[in-house]
Amino acid sequence: MPEIVVLPHPEICPDGLAFEGEKGKSLLDNLLEHGIEVEHACEKSCACTTCHVIVREGGPTLSPSTEDEDDLLDRAWGLTPQSRLSCQAIVDDDRLVVEIPRYTINYAKERK
Ligand code: FES
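These remarks concern the structure in this document. Keep in mind the model is a prediction, meaning the values are calculated, not measured. (Residues numbered from 1 in each chain as written. Predicted model: local features only at pLDDT ≥ 70, side-chain atom pairs only at ≥ 80, totals over all residues. Heavy atoms only, no water.)

## Thoughts on the overall build of the chain
Along the chain, the regular secondary structure elements total 3 helices and 5 strands. Secondary structure of the chain in N-to-C order comes out as β-β-α-β-α-β-β-α. Here the C-alpha atoms of the chain give a radius of gyration of 13 Å, agreeing with the 13 Å that 2.2 N^0.38 yields for 112 residues. A total of 112 residues make up the chain; the buried ones form 42% of that total. Long-range pairs, those at least 24 residues apart, make up 65% of the contacts in the chain between residues at least 6 apart in sequence. Surface accessibility of the chain: about 6000 Å² in total, with carbon and sulfur atoms responsible for 48%. Measuring between centres, the 11 positive side-chain charges of the chain sit 6 Å from its 22 negative side-chain charges. (Helix = DSSP H or I, 4+ residues; strand = E, 2+ residues; numbered from the N terminus. Rg over C-alpha atoms; globule rule 2.2 N^0.38 Å. Buried < 20%, exposed > 50% of the residue type's maximum accessible area, 1.4 Å probe, protein only. Contact = heavy atoms within 4.5 Å. Areas by Shrake-Rupley, 256 points an atom, 1.4 Å probe, with all protein chains shown as cover. Lys, Arg positive; Asp, Glu negative; His and termini not counted. Charge placed at Lys NZ, Arg CZ, Asp CG, Glu CD.)

Structure (structure tokens):
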């Protein structure tokens, strides 16, 4: 089973978390099932960017991103080369280190 390490995030996961994930499920579902409340405004249909995460380790072991995902990611707050939409990334058997961005697009807009 893949170990999934979540780096601390001030609101969502202040102390960070490590847990045994489930292979074959999306990264978002793995996170939600362990109490990491990543936003998912479009209900996981690859139509928003609120489930954006940064995969600091193990990114290449996730299912490859589609063109749709890449197009959407271009609009995500705090985009990095390791960014993924967590609802689209399917977990394999390998360790992942995941960072949740400080803001989502919705939140960033509200604060401006
Ligand atoms: S929940 Fe909207 S793209 Fe993932």
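## Regarding the pairing of strand β5 (residues 96-99)
By the bridge criterion, 3 bridges tie strand β1 (residues 3-6) to β5 in an arrangement that is parallel. Bridge pairing in β5 links V5 to V97. When strand β3 (residues 52-57) meets β5, the two strands line up antiparallel, connected through 3 bridges. Of the residues in β5, the one forming a bridge with I54 is E99. (Pairing = 2+ DSSP bridges.)

## Here's the deal with unusual backbone geometry
Backbone geometry at E43 places phi at a positive 55 degrees, although glycine is not the residue there. With respect to the secondary-structure elements, E43 resides in the loop between α1 (27-33) and β3. Even without a glycine there, the phi angle at K44 is positive, about 70 degrees. As for its placement among the helices and strands, K44 is situated in the loop between α1 and β3.

## Observations regarding the pattern of salt bridges
Enumeration over the complete set of coordinates arrives at 10 salt bridges. Among the ionic pairs, K44 bridges to D29, the shortest N-O distance being 2.8 Å. Taken together, the residues span a long stretch of sequence, with K44 in the loop between α1 and β3 and D29 in helix α1 at a distance of 15 residues. Judged by relative accessible area, D29 falls into the partly exposed class, the value being 22%. Residue E69 pairs with R84 through a salt bridge whose shortest N-O separation is 2.7 Å. Of this pair, E69 sits in helix α2 (residues 67-73) while R84 is found in strand β4 (residues 83-85), placing the two residues 15 residues apart along the sequence. Residue class for R84 comes out buried when judged on its relative accessible area of 9%. Salt bridges sharing partners connect three or more residues here, namely E3, E57 and R95. (Salt bridge = Lys/Arg side-chain N within 4 Å of Asp/Glu carboxyl O.)

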